[in-house]
Amino acid sequence: MNNDEVKTWLKNHQHPLTDKLVSLEETFWLNPNLQSFKTAIVNCPLTLNDVLEAEARLERFAPYIAKVFPETQETKGIIESPLVKIPKMQENLVQVYKQEILGELWLKCDSHLPISGSIKARGGIYEVLKKAEELAINHQMLKIEDDYSILASDEFRTFFSQYAIAVGSTGNLGLSIGIMSAKLGFKVTVHMSADAKQWKKDLLRSKNVKVIEYASDYSKAVEEGRRQAEADPACHFIDDENSRDLFLGYAVAAIRLKKQLDQSGVTVDEEHPLFVYLPCGVGGGPGGVAFGLKLIFHDHVHCFFAEPTHSPCMLLGLMTGLHDKIAVQDLGIDNKTAADGLAVGRPSGFVGKVLEPFLSGNYTISDEQMYKLLKNLADTENIYLEPSALAGMVGPVKLCKEGTDYLQKHQLLNIAAKGTHIVWATGGSMVPKDEMDNFYQKG
Ligand SMILES: *Cc1c(COP(=O)(O)O)cnc(C)c1O
């Protein structure tokens with residue numbers, strides 16, 4: 001739809017939240033299209049088997065990863081992040097927001113994933129590895145029974161150098177894909193939106209990644225990247241807006257989280273609900289993780305997406321049912337936010353449609369709140385995240401304050417106190433110190 005068609009459409013379809021979104025007020029939205037897991041999975045184009053296949057592929061690559069990224073030796077080449085309890089931050093939230101939080105608060109520290117320090121080290125790296133495996137197997141250079149550490153050789157690097165990888169990004173996806181592709185030997189181009197931070201571009205250039213900068217936002221960087229890549233048959237474009245592989249790479253997180261919860265003695269079942277809060281940009285990262293969690297925990301897990309008040313693209317797409325046919329700019333919302341990882345104006349249609357029956361809800365948070373939460377988390381738990389990664393932190397407050405209808409409807413009011421809240425911390429450990437000091441000061 002063009003801009004005028006969207007305007008007419010909005011006039012004819014009243015959505016009570018549209019005014020709130022336009023005035024940039026924080027909102028909390030419950031998804032009316034949520035279905036029971038049993039019903040939802042029937043029409044879903046992806047399955048648990050797809051996720052297990054992705055997990056097995058990452059296992060095959062583990063000996064290679066351990067060899068070329070020594071920081072992953074401890075986990076034997078498995079790129080995974082800690083799950084930690086954050087009771088002091090929970091207390092802080094209760095005091096600051098004057099709201100009781102039923103259940104225990106945990107943080108999933110994808111901010112501290114090795115190699116690229118953000119959730120993109122899941123999907124982004126996975127898709128590059130999948131492409132590399134496919135090329136090597138098709139050229140009879142590799143069998144899936146092999147020890148994949150053989151890929152760390154000049155022979156393979158020379159082979160991969162005949163191929164190119166390209167991606168459009170607000171920063172972190174470019175970082176993951178750039179670092180991984182360059183390590184394997186691919187020629188790699190990252191198309192960066194205006195939001196992308198200088199240090200990310202510098203880091204990539206230092207690794208021989210070609211960085212092309214755009215004065216406009218994420219959607220434009222992706223579009224331009226896609227167009228340029230199409231002209232080169234040896235180039236694989238990683239399509240953040242539509243990629244099934246990225247999505248599955250993210251979904252593997254759920255299988256790993258299940259093991260971590262078991263090890264920590266955290267139960268998830270009909271008496272012990274799990275609530276998960278995921279910062280959302282175009283949707284692939286949080287969508288993949290949420291989908292994986294639903295496959296594992298079915299109706300015992302409740303997933304919420306968090307977006308900046310200036311970039312509520314997924315909320316808008318889901319609420320209107322228009323998905324990628326509508327952008328926040330169509331409502332005059334500017335898509336300008338300090339949460340650079342979430343600065344996306346148009347959501348992924350693929351992710352929105354897959355997630356529609358699985359997602360519990362979606363809320364928005366102001367930049368100011370993200371900065372405050374950044375400071376408070378640093379002060380209470382000594383954990384430093386980038387602004388985007390704090391979007392999830394206010395989720396438990398919002399659910400307990402504004403989501404009582406949801407808790408009631410799903411018979412959770414009496415058991416929520418025995419439940420667990422996981423805030424997905426999506427990035428931050430690679431932010432340079434002076435930049436982080438600056439974030440902290442703002443908070
Ligand atoms: C990319 C990113 C997200 C959101 O992931 P999408 O796939 O764009 O929805 C959240 N937080 C951080 C720090 C990110 O880099």
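Just so it is clear, the structure is predicted and the values come from calculations on it, not from any experiment.

1. A few points about the overall build of the chain
For the chain, the count of helices and strands is 18 helices and eleven strands. Compactness check: the chain gives a C-alpha radius of gyration of 21 Å against a globular reference of 22 Å for 443 residues, within 12% of the reference. The principal-axis extent of the C-alpha atoms belonging to the chain is close to 60 × 55 × 50 Å. Here the chain holds 443 residues, and 63% of them are scored as buried.

2. As for the UniProt feature "domain: Tryptophan synthase beta chain-like PALP" (unreviewed entry) in the chain
The positions UniProt marks with the feature "domain: Tryptophan synthase beta chain-like PALP" (unreviewed entry) are residues 76-400. For residues 76-400, the end-to-end C-alpha separation is 40 Å, with 44% helix and 15% strand making up the annotated structure.

3. What to know about the site of the ligand
Near the ligand, the surroundings consist of 16 residues, among which Lys-120, Asn-172, Gly-283, Gly-285 and Thr-426 are the closest. Within the backbone of Gly-281, an N or O atom sits 2.7 Å from an oxygen atom of the ligand. Side-chain polar atom of Thr-426 to a nitrogen atom of the ligand: 2.7 Å apart, as the coordinates give it. Against a free-state accessible area of 380 Å², the protein chains account for coverage of 98% of the ligand. Counting residues per element, the shell around the ligand draws most heavily on helix α12 (residues 284-297), at three residues. When the residues that make up the shell around the ligand are grouped by side-chain class, the tally is five nonpolar, nine polar and two charged.

4. Description of the pattern of salt bridges
Enumeration according to the criterion identifies 26 salt bridges in this entry. The partner of Arg-244 in a salt bridge is Asp-50, and the shortest N-O contact between them spans 3.4 Å. In this pair, Arg-244 is assigned in helix α11 (residues 244-263) and Asp-50 in helix α4 (residues 48-68), connecting sequence segments 194 residues apart. When its relative accessible area of 15% is taken as the criterion, Asp-50 is described as buried. One continuous salt-bridge network, built from bridges that share partners, spans Glu-80, Lys-108, Asp-110, Arg-122 and Arg-256.

5. Quick notes on the pairing of strand β10 (residues 361-365)
Extensive coverage of β10 is indicated by the burial of five of its five residues. Across the two faces of β10 the burial is the same, with Gly-361, Tyr-363 and Ile-365 and Asn-362 and Thr-364 all buried. Pairing of strand β1 (residues 28-30) with β10 involves three bridges; the strand directions are antiparallel. Bridging across to β10, Phe-28 finds its partner in Tyr-363.

6. A closer look at the UniProt feature "modified residue: N6-(pyridoxal phosphate)lysine" (unreviewed entry) in the chain
Here the UniProt feature "modified residue: N6-(pyridoxal phosphate)lysine" (unreviewed entry) sits at Lys-120. Residue placement: Lys-120 occurs in helix α6 (residues 120-138).

7. Focus on the packing of α4 against α6
Between α4 and α6, the shortest axis-to-axis distance is 10 Å and the interhelical angle comes to 85°. When the axes of α4 and α6 are compared, the pair comes out roughly perpendicular. Where α4 approaches α6, its residues Ala-54, Arg-57, Leu-58, Arg-60, Phe-61 and Ile-65 are matched on the opposing element by Tyr-126, Leu-129, Lys-130 and Glu-133. Here the residues of the contact of α4 with α6 are counted per class, giving six nonpolar, no polar and four charged.

8. Here we look at the side chain of Glu-80
For Glu-80, the position within the fold is in the loop between α4 and β2 (83-85). Using a relative accessible area of 15% as the deciding quantity, one classes Glu-80 as buried. Looking at Glu-80, its side chain comes within polar contact range of the side chain of Lys-108, at 2.8 Å. At 2.8 Å, the side chain of Glu-80 forms a polar contact with the side chain of Arg-256.

9. Remarks on the packing of helix α5 (residues 87-97) against helix α15 (residues 367-381)
Where α5 meets α15, the axes come as close as 9 Å, and the angle between the chain directions of the two elements is 135°. Of the possible angle classes, the one that applies to α5 and α15 is oblique. Remark: the crossing between α5 and α15 carries right-handed chirality. Facing α5, whose interface residues are Pro-87, Lys-88, Met-89, Asn-92, Leu-93, Val-96 and Tyr-97, α15 presents Gln-369, Leu-373, Asn-376, Leu-377, Thr-380 and Glu-381. Of the residues assigned to the contact of α5 with α15, the class counts are seven nonpolar, four polar and two charged.

10. Points about the packing of aromatic side chains
In total, this model carries 14 aromatic pairs according to the counting rule given. An angle of 65° between the planes, with centres 5.5 Å apart, marks the rings of Phe-159 and Tyr-163 as edge-to-face. Both residues of the pair, Phe-159 and Tyr-163, count as buried. Plain terms: the ring middles of Tyr-277 and Phe-304 are 5.9 Å apart, the flat faces sit at 20° to each other, and that makes the pair stacked. With Tyr-277 in strand β8 (residues 274-279) and Phe-304 in strand β9 (residues 301-308), the pair connects residues that are 27 residues apart, well separated along the chain. Across the pair, Phe-304 and Tyr-277 agree in class, each one buried.

Reading the values: the criteria
Residues numbered from 1 in each chain as written. Predicted model: local features only at pLDDT ≥ 70, side-chain atom pairs only at ≥ 80, totals over all residues. Heavy atoms only, no water. Helix = DSSP H or I, 4+ residues; strand = E, 2+ residues; numbered from the N terminus. Rg over C-alpha atoms; globule rule 2.2 N^0.38 Å. Buried < 20%, exposed > 50% of the residue type's maximum accessible area, 1.4 Å probe, protein only. UniProt positions renumbered as here; feature names shortened; annotations may be inferred. Near = heavy atom within 4 Å. Polar contact = N/O pair within 3.5 Å; in protein donor to acceptor, adjacent residues only side chain to side chain. Areas by Shrake-Rupley, 256 points an atom, 1.4 Å probe, with all protein chains shown as cover. Nonpolar A, V, L, I, M, F, W, Y, C, P; charged D, E, K, R; others polar. Salt bridge = Lys/Arg side-chain N within 4 Å of Asp/Glu carboxyl O. Pairing = 2+ DSSP bridges. Axes fitted to C-alpha atoms, helices over the stretch in contact; angles between N-to-C directions. Parallel < 35°, antiparallel > 145°, perpendicular 65-115°, else oblique. Contact = heavy atoms within 4.5 Å. Left-handed = near helix turned anticlockwise from the far one by under 90°. Phe/Tyr/Trp six-rings, centres within 6.5 Å; stacked < 30°, edge-to-face > 60°.

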